[in-house]
Amino acid sequence: MRILLIASAFNSLTQRVHTELRSRGHVVGVELALGEDVMRAGVARFEPDLIVAPMLTRAIPEDIWSRHTVLIVHPGPKGDRGPSSLDWAIHEGAEEWGVTVLQAVAEMDAGPIWASVAFTVEPCGKSELYRNEVAAAAVEGVLLAVERFGSGRYRPEPLDYDREDVRGRLRPYHGQEHRRIDWQADDTATVLRKLRSADSQPGVLDEIDGREYFLHGAHPEDELRGKAGELIARREGAVCRATRDGAVWLTQLRARRTPGGPVTYKLPATLVLGELAEALPEVSVKPFVAAGRQTWSELRYREEGEVGYLEFAFPSGAMSTEQCRRLTAAYRAAADRPTSVLVLGPARDFFSNGIHLNVIEAAEDPAQESWENINAMDDLVEAILTTTGKVTVSALAGNAAAGGLMLAIAADEVWCRSAAVLNPHYRLMGLYGSEYWTYTLPRRVGEEQARRLTTEALPVGAAEALRLGLVDRVGGGSAAEFREWTRRQAAELAGSPELAGKLLEKQRWREADEAVKPLARYREEELARMRRNFFEPEEPYHRLRQEFVHKVCPTATPEHIRGEGKLVGSEAGRG
């Protein structure tokens, strides 16, 4: 079928639906919901058999849904209606929630139901839940609804609140009046629910030292205590704030914008608070220790027999200069451990999205900070590429993009969760790219495919990545199931009688490649291009970065995601 995705953004869920439908042979196009006329023009150009709206913040015009079947993906169970479904689910401590695929009608979220899928609400932030459990349920629901539509026989179920399985209801917007934290009265569990229900947008509006901030990124703390509401410590860019019965870590803050003032955006909490944060005691925790605690730490390390696991968790998958340096130091320490296999990657959510554009935007000299950030990323990748004493594995439980994906493919093997979406390109940010991609990507997929992936700039699903050789193994299931699958695979690899031969072959192969063209030359060539991207005024990088950080809405759907319009005449019969 010809399926048009109408979405408010080409976000992680829209990309996931895009890759899943394409992998099943559908012709898929995208039109951003930038206005009614834009949507009408997109539908007229593409002439879809079906329209799917994976993520939508505005209504589809009646003249579209009255002529075409339009399936809306709503992040709530049957009968749930309103713009803040997930916010309410997390805020109220729901243990199970759902995604409903319903047909667009005049009344919002009240159309006939094509599919509904339940999921478990994990104790995490809204955005993390959205990218994992919500996305999995949404894709299952969309694929089922598309199959039912394609059969021509299925009749969707009218919304009927008298049915026993229709348990949702119309809910109001979840505004700041519902999110407000009473630090003297709210216990830690309540504080976490309020913060997590607002992550990553809009955040919880609160006051620190007489100024207003939106709070983001909440994690529990198991040891530190203090006077309720007071900041008591800092660690790895985050600050710790006491509750009446414990404490929570806040990883990011956004200053409230003053009338007529500059646009504000999320940054590491210590960077936003400046001297106030610097005055707090720095309470460090080693990766080995963090692995056994309930506290915030970007880095955790554990060992199981001959396998070491270095886990990292960076908010939004972005890695600043300092974060890259901390991870590089932890990697080198892990590489020195007496293990034979080293597995890299978070327990769930993003693997990495590359350099930290928000931190760069906030720097006094964004070009220089960009340069330092990419060199710190390159140092990390180089450390992985030159490790010959053990087999390295990147385990992608979640999405990866740009330099973050090139970081992953520096490992000897790449294991990918079937739900992950990969974006192996830089060009949408006006960058040539580094992280030794000109060495690692062609080595994996070949020169032609490397050129296509980096210029086409479309998301790649796990199945396609496996077919291309971009990844080596794919495991299904939830993030927890993928983690267990990875553990079994790593233990099997470490116990393999062929392991010694693999390590010897790796050493020989590295020496042979170095003799043909040293890694230093790849880095030098890439950074020569990146220096121009960063420091030449005519380059588009700084404008594109600013638009990304400040969330500037595009004026038109980018051509690379629109897909081909309907073929006419003699062209329609080709291919």
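Residues numbered from 1 in each chain as written. Predicted model: local features only at pLDDT ≥ 70, side-chain atom pairs only at ≥ 80, totals over all residues. Heavy atoms only, no water.

## A short note on the nonpolar core
Considering soluble globular proteins, one finds that nonpolar side chains tend to be buried as a cluster. By size, the foremost hydrophobic cluster in this structure holds 66 residues, and its most contacted members are Leu396 and Leu422. In terms of residues, this core owes the most to one element, helix α13 (residues 366-385), which gives nine residues. If we ignore the near neighbours within four places in the chain, the residues touching Leu422 are Leu396, Ala400, Leu405, Cys416, Leu458, Pro459, Val460, Ala465, Leu470 and Val471. In terms of nonpolar packing, the next biggest core, distinct from the first, is built from 40 residues, Phe10, Leu13, Val30 and Ala94 among them. (Core = buried A, V, L, I, M, F, W, Y, C linked by side-chain atoms within 4.5 Å. Buried < 20%, exposed > 50% of the residue type's maximum accessible area, 1.4 Å probe, protein only. Helix = DSSP H or I, 4+ residues; strand = E, 2+ residues; numbered from the N terminus. Contact = heavy atoms within 4.5 Å.)

## Details of the pairing of strand β10 (residues 238-242)
Counting buried residues along β10, five of its five residues qualify, which places the element largely inside the surrounding structure. Neither face of β10 is exposed, since Ala238, Cys240 and Ala242 on one face and Val239 and Arg241 on the opposite face are all buried. Alignment of strand β9 (residues 231-235) against β10, held across four bridges, turns out to be antiparallel. By the bridge assignment, Arg235 is partnered in β10 with Ala238. Hairpin remark: β9 followed by β10, antiparallel, with two residues in the connecting loop; positive phi at Glu236, about 50 degrees. Connecting β10 to the antiparallel partner strand β11 (residues 247-255) that follows it, the hairpin turn spans four residues. (Pairing = 2+ DSSP bridges.)

## Brief notes about the sheet that holds strand β14 (residues 307-312)
Read across the sheet, six strands follow the order β13-β14-β16-β18-β20-β23 without closing on themselves; strand pairing throughout is mixed. The open sheet has two edge strands with one neighbour each: β13 (299-304) and β23 (473-475). Strand-to-strand twist of the sheet, defined as the mean angle between neighbouring strand axes without regard to direction, takes the value 20 degrees. (Axes fitted to C-alpha atoms, helices over the stretch in contact; angles between N-to-C directions.)

## Focus on the packing of α13 against helix α20 (residues 519-535)
In helix packing, the relevant descriptors are the interaxial angle and the interaxial distance, both defined with respect to the helix axes. Relative to each other, α13 and α20 sit at 160 degrees, their axes nearing to 10 Å. When the interaxial angle is binned, α13 and α20 end up roughly antiparallel. Here α13 runs over α20; the crossing is right-handed. On α20, the residues that touch Ala367, Gln368, Ser370, Trp371, Ile374, Asn375, Asp378, Asp379, Glu382 and Leu385 of α13 are Leu519, Arg523, Leu527, Met530, Arg531, Phe534 and Phe535. Class assignment for the residues of the contact of α13 with α20 results in nine nonpolar, three polar and five charged. (Parallel < 35°, antiparallel > 145°, perpendicular 65-115°, else oblique. Left-handed = near helix turned anticlockwise from the far one by under 90°. Nonpolar A, V, L, I, M, F, W, Y, C, P; charged D, E, K, R; others polar.)

## Observations regarding unusual backbone geometry
At the junction of Asp199 and Ser200, the peptide bond is cis and its omega measures out at 5 degrees in the coordinates. The step from Gln201 to Pro202 runs through a cis peptide bond, and the omega angle for that step is 0 degrees. In this structure, Pro202 sits in the loop between α7 (188-197) and β7 (204-208). Backbone geometry at Glu236 places phi at a positive 50 degrees, although glycine is not the residue there. Within the secondary structure, Glu236 is located in the loop between β9 and β10. Positioned with a positive phi, Ser316 is a non-glycine residue whose angle comes to about 65 degrees. Mapping Ser316 onto the fold places it in the loop between β14 and β15 (318-319).

## Structural notes on the sheet that holds strand β1 (residues 2-7)
Two modes of strand pairing occur in sheets, parallel and antiparallel, and in both the strands are linked by backbone hydrogen bonds. Across the sheet, six strands lie side by side as β2-β1-β3-β4-β5-β6; this open sheet has mixed pairing. The sheet is open, and its two edges are formed by β2 (27-32) and β6 (113-120), each paired on a single side. On average, each strand axis in the sheet is inclined to that of its neighbour by 20 degrees, with strand direction left out of account. The strands touched by helix α1 (residues 12-23) are β1 and β2; relative to β1, the strand with the most contacts, the crossing angle is about 175 degrees.

## Brief notes about α7
Across the 10 residues that make up α7, a large majority, eight, are buried. Of the residues making up α7, those classed as buried are Thr188, Thr190, Val191, Leu192, Lys194, Leu195, Arg196 and Ser197. Looking at the buried residues of α7, the elements they touch are α4 (85-91), α5 (126-151), α6 (176-179), β7, β8 (211-221) and β11.

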